[in-house]
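Take a look at the letters that make up each chain.
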Amino acid sequence: MKVRSLGPADAPAYQRLRLLALEESPTAFSASHVDEAGRSMDEVAARITPAVDGSIRMLGVFELDELAGFVAVVHPQREKLRHGVELAGMYVAPAFRRRGFGRALLMAAVGHVRSIAGVRQIRLGVNVTNKEARALYQSIGFASYGVEPDALQIDGVFYGEERYVLRLNLGD
């Protein structure tokens with residue numbers, strides 16, 4: 001398995017996996033399959049290309065040449081927010097779960113964030129019903145700091161989102 005930044009050449013594989021994610025795990029994302037299915041490959045390529053200013057980077061985990069999962073690393077560029085990074089849209093395809101792909105992807109994301117000067121914390125949100133993801137985040141030190149009730153609505157059913165933070169460099 002290998003984790004690396006995604007770029008324009010990865011757009012077709014990313015879009016296939018993203019659409020699978022939205023079908024297979026609709027409660028894990030704020031976007032829907034309908035929202036994403038019509039995107040052009042140019043739009044997808046632009047979305048996953050690392051931002052020049054460092055504000056966005058999409059990481060992917062691969063087995064051989066197959067994209068098995070992804071996560072977005074979002075680093076705000078506003079002065080008052082630069083100390084924090086948000087992880088978003090993490091997904092690992094069912095065939096690669098419980099095999100260490102999610103942990104490898106998450107650890108690579110945390111490693112990348114640790115390389116960004118001045119960052120003190122990483123935040124993320126996860127559907128309260130996703131026990132496996134919550135356990136993974138907790139296992140590497142993310143701590144829950146609250147739940148937003150009714151954060152997501154799918155077909156008339158509401159889901160809460162648990163918010164987590166991983167504090168870095170607290171001695172600085």
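Above this note sits the structure.
Engineer: When you look at the pattern of salt bridges in this model, what are you seeing that I'm missing?
Structural biologist: Tallying each qualifying case throughout the model produces 11 salt bridges. Put simply, Arg-18 and Glu-36 hold a salt bridge, and the shortest N to O gap is 3.7 Å. Taken together, the residues Arg-18 in helix H1 (residues 11-24) and Glu-36 in helix H2 (residues 33-37) connect sequence positions 18 residues apart. When sorted by exposure, Arg-18 lands in the same class as Glu-36, which is buried. A salt bridge links Glu-86 to Arg-123, with the shortest nitrogen-to-oxygen separation between them at 3.4 Å. Residue Glu-86 is located in strand S4 (residues 84-92), and its partner Arg-123 is located in strand S5 (residues 121-127); the two are separated by 37 residues in the primary sequence. Through salt bridges with shared partners, a single ionic network connects Arg-18, Glu-36, Arg-39 and Arg-47.

Engineer: I tried to follow the environment of Ile-122 on my own but got confused; where do I start?
Structural biologist: Position of Ile-122 among the secondary structure elements: in strand S5. When the C-alpha atoms of Ile-122 and Phe-70 are compared, they prove to be 17 Å apart, with 52 residues separating the residues in sequence. Aside from chain neighbours lying at most four places away, what touches Ile-122 is Val-85, Leu-87, Val-110, Val-113, Phe-142, Tyr-164, Val-165, Leu-166 and Leu-168.

Engineer: I'm lost on the environment of Arg-167 in this one. Help?
Structural biologist: Following the sequence through the fold, Arg-167 ends up in strand S7 (residues 157-167). For Arg-167, a relative accessible area of 44% translates into the label partly exposed. For Arg-167 and Gln-121, which are 46 residues apart along the polypeptide, the C-alpha to C-alpha distance reads 4.4 Å. A polar side-chain atom of Arg-167 sits 3.5 Å from a polar atom in the side chain of Gln-121.

Engineer: In this structure, what is going on with the sheet that holds strand S1 (residues 2-5)? I would like to understand it.
Structural biologist: To summarise the sheet geometry, strands pair through backbone hydrogen bonds and adopt either a parallel or an antiparallel arrangement. Spatial strand order, S1-S2-S3-S4-S5-S7-S6: seven strands in an open sheet with mixed pairing. On the outer flanks of this sheet lie S1 and strand S6 (143-154), each paired with one strand and no other. Along the sheet, successive strands turn relative to each other by an average axial angle of 25°, direction set aside. As paired elements, S4 and S5 share three bridges and run parallel to each other.

Engineer: How should unusual backbone geometry be read in this particular structure?
Structural biologist: As a rule of thumb, non-glycine residues mostly have phi less than zero, and peptide bonds are mostly trans rather than cis. Even without being a glycine, Leu-64 presents a positive backbone phi close to 55°. By secondary structure assignment, the location of Leu-64 is in the loop between strand S2 (56-63) and strand S3 (66-74). Look at Leu-64 and you get exposed, because its relative accessible area is 80%. Positive phi, close to 55°, is recorded for Asp-150, a residue that is not glycine.

The rules behind each value
- Residue numbers restart at each chain and count upward from 1, following the sequence in its written direction.
- Only residues with pLDDT of at least 70 get local features here, since the model is predicted, and only at 80 or more are side-chain atom pairs given and counted; chain-wide, interface and lining totals rely on the full set of residues.
- With hydrogens and water stripped out, all remaining heavy atoms of the structure feed into the side-chain values.
- Each salt bridge in this description consists of a side-chain nitrogen of Lys or Arg and a carboxyl oxygen of Asp or Glu lying within 4 Å of one another.
- The numbering of helices and of strands both runs from the N terminus, where a helix is a DSSP run of H or I of at least 4 residues and a strand a run of E of at least 2.
- Partly exposed residues are those whose accessible area sits between 20% and 50% of the maximum for their type, while under 20% is buried and over 50% is exposed, using a 1.4 Å probe and protein chains only.
- By the convention used here, residues are in contact when the closest approach between their heavy atoms is within 4.5 Å.
- Definition of a polar contact: a pair of N or O atoms within 3.5 Å, with one able to donate and the other able to accept a hydrogen when the atoms are protein atoms, and with sequence-neighbouring residues admitted only if both atoms are side-chain atoms.
- Between any two strands, at least two bridges found by DSSP are needed for them to pair.
- Simply put, an axis is a line fit to the C-alpha atoms, just over the touching stretch for a helix, and the angle between two N-to-C directions goes from 0 to 180 degrees.

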